[in-house]
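One letter stands for each residue in the lines below.
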Amino acid sequence: MDQQTLYFSLILIVSGSVSVTWKMTCSPKVTASRGEDVVLNCSISPDKLKSFESITVKWIARDQHADPFFTCSVRYNSLEEPNDCLASILQFSLLGDPRRGELSLLITNVQLTNEGTFFCKVELDRWQMLQEKIRLDVKGKPQILSLSVENATCAQKSSVSQWLKCEVEGNPLPKVVWLSSSKRLLEDQGHSLHSGEWSRTACVPYLKEEEDQVITCRAENSEGHAEKDFPESEDVRMIVIVVSVIVMMLLSAVFIIIVIMCLRKHRQKQASDRGAELQPVYSEINCDPSAQVNSMQSRQKNMDT
């Protein structure tokens, strides 16, 4: 066996032994609801971390060959040194200390757009690499994004010129059901189009004779439902008006209280300033009766002379 072959054989043996020694554990699938904070659990066994000088953590989304959206490095010198991996990037941060084998990713306020496959990758001294993937599913209750009347054609081969269009969003993709104030509309009256991975646009003919009645767009999926009326019912309008009036009254009351407090403080300040200008004058009164008699006698003598 020549020297070069022996060299590569040693590399394979060492790499194989390290790969067997190290173990990366990740949750294969994580499910969360929109708006929650979610943790993608990932870790490595920290038994032999002391034999490496640096640890680099990378998180990659969807394509394992893509550039990481989150990366950080720490040196295994002392656990007391600052952990730069705790710094957050937008809504992402590392939950734990890589020097202890903790590689989990924290996603705050998770959204539907975060759904997909994530790859947890760690590099030890830039040559030993481990990687595992995690599937993140994000569930979302239906939301009605808009409900309006449009003159554009919403379906092919239709002579209807005016349509009521409803845009909804959710995961799983919601189903749209149209309701009238008197009965449930026939499904063949409505048309539905996929406008995105989690969004749908549905429309129904809006005829002149139906302008006086309320039509409801209802979005449904396994996570719940959402409804919106067109036009908005009088109850909803009254609630909005009443709430607006109450808010304005509260703001006015707060403003009046602030003005009264300011005026009161101003008057107290003026009163204290006037009190400082008026200095008290003291006079001495002699209450001895004999002294008063002598004073009167002396005054009488002066008058006689």
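Report follows, based on the coordinates. A quick note: this is a predicted structure, and the numbers were derived from the prediction, not measured. (Residues numbered from 1 in each chain as written. Predicted model: local features only at pLDDT ≥ 70, side-chain atom pairs only at ≥ 80, totals over all residues. Heavy atoms only, no water.)

**Comments concerning the overall build of the protein**
Link 1 in the chain: On a plain count of helices and strands, the protein comes out with three helices and 16 strands.
Link 2 in the chain: Of all 305 residues assigned to the protein, the portion counted as buried reaches 30%.
Link 3 in the chain: Sequence separation of at least 24 residues holds for 58% of the intrachain contacts in the protein that already meet a minimum separation of 6.
Link 4 in the chain: When the accessible surface of the protein is totalled, it reaches about 20700 Å², and 55% of it is carbon and sulfur. (Helix = DSSP H or I, 4+ residues; strand = E, 2+ residues; numbered from the N terminus. Buried < 20%, exposed > 50% of the residue type's maximum accessible area, 1.4 Å probe, protein only. Contact = heavy atoms within 4.5 Å. Areas by Shrake-Rupley, 256 points an atom, 1.4 Å probe, with all protein chains shown as cover.)

**Some details on unusual backbone geometry**
Link 1 in the chain: Of note, the bond from Asn171 into Pro172 is cis; its omega dihedral lies within 30 degrees of zero at 5°.
Link 2 in the chain: With respect to the helices and strands, the residue Pro172 is situated in the loop between β11 (163–171) and β12 (175–180).
Link 3 in the chain: A cis amide bond links Phe230 to the next residue, Pro231, at an omega of -15°.
Link 4 in the chain: We note that Arg62 has phi near 70°; this positive angle belongs to a residue other than glycine.
Link 5 in the chain: Backbone geometry places Asn109, a non-glycine residue, at a positive phi of 50°.
Link 6 in the chain: Of note, Asn109 is situated in the loop between β8 (105–107) and β9 (116–124).
Link 7 in the chain: Taking the relative accessible area as the measure of exposure, Asn109 reaches 42% and is therefore partly exposed.

**A short note on the packing of aromatic side chains**
Link 1 in the chain: Under the defined criterion, the tally for this structure stands at three aromatic pairs.
Link 2 in the chain: Each ring, one from Phe69 and one from Phe118, has its centre 5.9 Å from the other, and the planes form 80°; the classification is edge-to-face. With Phe69 in the loop between β5 (54–61) and β6 (70–75) and Phe118 in strand β9, the pair connects residues that are 49 residues apart, well separated along the chain.
Link 3 in the chain: By way of ring pairs, the aromatic residues Phe69, Phe92 and Phe118 are connected into one cluster. (Phe/Tyr/Trp six-rings, centres within 6.5 Å; stacked < 30°, edge-to-face > 60°.)

**Looking at the state of the cysteines**
Link 1 in the chain: What the rule picks out here adds up to three disulfides.
Link 2 in the chain: Each sulfur in the disulfide pair Cys26 and Cys42 lies 2.3 Å from the other. Taken together, the positions of Cys26 in strand β1 (residues 24–26) and Cys42 in strand β4 (residues 42–44) put the pair 16 residues apart, joining distant regions of the chain. Comparing Cys26 with Cys42, the two get one shared label, buried. (Disulfide = S-S within 2.5 Å.)

**Focus on the sheet that holds β12**
Link 1 in the chain: The three strands are arranged β12-β15-β16 in an open sheet whose pairing can be described as antiparallel. Two strands bound the open sheet, and with one partner strand each, they are β12 and β16 (224–230). The mean angle between the axes of side-by-side strands here comes to 20°, regardless of whether they run parallel or antiparallel.
Link 2 in the chain: Where β12 and strand β15 (residues 215–221) come together, six bridges link them in antiparallel fashion. By the bridge assignment for β15, Leu179 is matched with Thr216. (Pairing = 2+ DSSP bridges. Axes fitted to C-alpha atoms, helices over the stretch in contact; angles between N-to-C directions.)

**Topic: the pairing of strand β14 (residues 199–205)**
Link 1 in the chain: Of all seven residues in β14, seven are buried, a share of seventy percent or more.
Link 2 in the chain: Burial of the side chains of β14 extends over both faces: Ser199, Thr201, Cys203 and Pro205 are buried on one face and Arg200, Ala202 and Val204 on the other.
Link 3 in the chain: Relative to β14, β11 is paired through seven bridges, and the arrangement is antiparallel. For Glu167, the partnering residue across the bridge sits in β14 and is Thr201.
Link 4 in the chain: Judged from the four bridges that link them, strand β13 (residues 191–194) and β14 form a sheet pairing that is antiparallel. Bridge pairing in β14 places His191 opposite Cys203.
Link 5 in the chain: The loop that links β13 with its antiparallel partner β14 comprises four residues.

**Focus on the sheet that holds β8**
Sheets are built from strands that pair by backbone hydrogen bonding, the pairs being arranged parallel or antiparallel.
Link 1 in the chain: Judged by pairing direction, the sheet is antiparallel, and its three strands sit side by side in the order β3-β8-β7 without closing on themselves. Of all strands in the sheet, those with a lone pairing partner are β3 (38–40) and β7 (92–94), marking the two edges. Mean inter-strand twist for the sheet, computed between neighbouring axes without regard to direction, equals 25°.
Link 2 in the chain: Relative to β8, β7 runs antiparallel, the two being bridged by three bridges. In the sheet register, Phe92 faces β8, and the bridge partner there is Ile107.

**So, the nonpolar core**
Link 1 in the chain: Counting residues in each nonpolar core, the largest one holds 34 residues, and the members touching the most others are Met24, Leu40, Trp59, Leu103, Ile107, Val122 and Leu136.
Link 2 in the chain: Beyond its immediate sequence surroundings of up to four residues, Leu136 is in contact with Val30, Val38, Leu40, Ile107, Val110, Asn114, Glu115, Gly116 and Phe118.
Link 3 in the chain: Counting residues in hydrophobic clusters, the runner-up holds 14 residues, among them Ile144, Leu164, Val176 and Ala202. (Core = buried A, V, L, I, M, F, W, Y, C linked by side-chain atoms within 4.5 Å.)

Everything listed here is a matter of coordinates, which is why it stays silent on function.
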